[in-house]
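Coordinate inspection notes
Residues per chain, in single letters:
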Amino acid sequence: MDTKKKKLILALFISFLMITSIAGFVSLPEENNPDIKKYKGLEFSSINNKWVVYVNNNPISLSFDPESLEEQKIINPKQLNSAEKIYFSSDQNESNNLIYQELNMLTQILTPKSVNSCFEDSEKCSKLPIKTCQDAKDLNKVVIVKKAINKEIKYINNCLEIKGHETEIIKFIDQLIISLLTA
């Protein structure tokens, strides 16, 4: 092979490498630019497997993509916010860390004071009030959160009962957060 052909092949090879490198760089997503979605006038960013929206400079995170959440029709958000206090009753003997994280996000956007409580007496509930649906009133609402095999979500007489698998409970809490943010 003569020198001219070698130089031409080398030049074409270097050009090919440069063009494919540029094309690869342009097509790669930036790691510092999170996935952003607009949903019902809110801008959510995907950060660490959560969907985060800022409300009054405070981050509110959801476990589920807001576009995948169906609109909850169990309770009007204004009903919850009409109370002076909301008691969040759960089984303190169960491991509910993910549920508690989601409830914490919910309490940040609720107007009434939130109080941690139990729906049945146990050693871990010795310093917490016991609140069931029978204790629910117009100004002191009760939210019962309970892991169960079958999903059941209902709002009757100022008491919101959320029962189901952990994932179902978290998904409903996310739906409730969205309905409060977009009300």
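Okay, so let's go over this structure. Owing to the predicted nature of the structure, the values given are computational and were not obtained by experimental measurement.

Points about helix 4 (residues 166–181)
- Under the 1.5 Å per step criterion, the end-to-end length of helix 4 is 23 Å for 16 residues, consistent within 8% with the ideal 22 Å.
- Buried within helix 4 are the following residues: Ile169, Ile170, Phe172, Ile173, Asp174, Gln175, Leu176, Ile177, Ile178, Ser179 and Leu180.

Quick notes on the state of the cysteines
- With the rule as written, the count across this model stands at 2 disulfides.
- Disulfide partner of cysteine 118: cysteine 125, at an S-S distance of 1.9 Å. With the S-S bond torsion at -90°, the cross-link from cysteine 118 to cysteine 125 turns out left-handed.
- By relative accessible area, cysteine 125 is classed as buried at 2%.
- Once the disulfide-bonded cysteines of the protein are ranked by sequence position, their pairing pattern turns out to be 1-2, 3-4.

Focus: the sheet that holds strand 5 (residues 85–90)
- Read across the open sheet, the 5 strands follow the order 6-5-7-9-8; overall the sheet is mixed. In this open sheet, the two edge strands, each paired with only one partner strand, are strand 6 (113–118) and strand 8 (152–156). When strand polarity is set aside, the average angle formed by the axes of neighbouring strands in this sheet is 15°.
- Note: strand 7 (residues 140–147) against strand 9 (residues 159–164), 6 bridges, orientation parallel. From the neighbouring strand, valine 145 faces strand 9, where its bridge partner is isoleucine 162.
- Running over the sheet, helix 3 (residues 97–109) touches strand 5, strand 6 and strand 7 and is turned about 175° from strand 5.

Rules and cut-offs
Within every chain, residues take consecutive numbers counted from 1 along the sequence as written. In keeping with the predicted nature of the model, local features appear solely for residues at pLDDT of at least 70, side-chain atom pairs appear and are counted solely at 80 or more, and the whole-chain, interface and lining totals rest on all residues. Remark: hydrogens and water are excluded; side-chain values derive from all non-hydrogen atoms of the structure. Starting at the N terminus, helices and strands are each numbered in turn, a helix being any DSSP run of H or I of at least four residues and a strand any DSSP run of E of at least two. Take the residue count of a helix, subtract one, and multiply by 1.5 Å to get its expected span. Each residue's exposure class comes from its accessible area (1.4 Å probe, protein chains only) as a fraction of the maximum for that residue type: buried when under 20%, exposed when over 50%, partly exposed otherwise. The term disulfide is used for any two cysteine sulfur atoms that are within 2.5 Å. In this analysis, strands are considered paired if DSSP registers two or more bridges between them. Between the N-to-C directions of two axes lies an angle of 0 to 180 degrees, each axis being a line fitted to C-alpha atoms and, for a helix, fitted only over the stretch in contact. Any two residues having at least one pair of non-hydrogen atoms within 4.5 Å are treated as being in contact.

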